[in-house]
Amino acid sequence: MLLQLLTAVAALAGAACSLLAESSGTSGISGAASGILPFTAGGFIYLGTVSVIPEILRRSGPSQAFLQLLALLAGLAMMLLIAHYE
C-alpha cells in the first residue's frame, strides 16, 4: 500500500511539473511536455487495463464484468473528449 501511495504521489508530482512547464511559455519545454503527456497517459491506460481486466473477468459474473468494462471504455471516451476540446 505504501508503494502504491508513493507511485500515486510521484504521478501527481510529475503531472504538476509538466503542466507548470507547459504554462511557462518557453517553446522547448512546452514541446517536450506535449509529447510526454500522451505517452505517460497511454502507459497508465495500458497498465490499468492489463492489470484490471483479468481481475474483473476472474472475480465477477458476466453482467457485472460487462458493466465494469463499459465503465472503463466510458472513462477512455471522456479522456478523448477532454483532449479533443482542450
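Residues numbered from 1 in each chain as written. Predicted model: local features only at pLDDT ≥ 70, side-chain atom pairs only at ≥ 80, totals over all residues. Heavy atoms only, no water.

Here the focus is the overall build of the chain. When helices and strands are tallied, the chain shows three helices and zero strands. Seen in sequence order, the chain has helices and strands lined up from the N terminus as α-α-α. Counting all 86 residues of the chain, 6% fall into the buried class. For the chain, the accessible area works out to roughly 6,800 Å², and carbon and sulfur atoms hold 77% of it. (Helix = DSSP H or I, 4+ residues; strand = E, 2+ residues; numbered from the N terminus. Buried < 20%, exposed > 50% of the residue type's maximum accessible area, 1.4 Å probe, protein only. Areas by Shrake-Rupley, 256 points an atom, 1.4 Å probe, with all protein chains shown as cover.)

Before going further, it helps to spend a moment on the UniProt feature "transmembrane region" (unreviewed entry) in the chain. The UniProt record marks residues 31-53 and 65-85 with the feature "transmembrane region" (unreviewed entry), using the residue numbering of this structure. Secondary structure across residues 65-85 divides into 100% helix and 0% strand, with the first and last C-alpha atoms of the span separated by 30 Å. (UniProt positions renumbered as here; feature names shortened; annotations may be inferred.)

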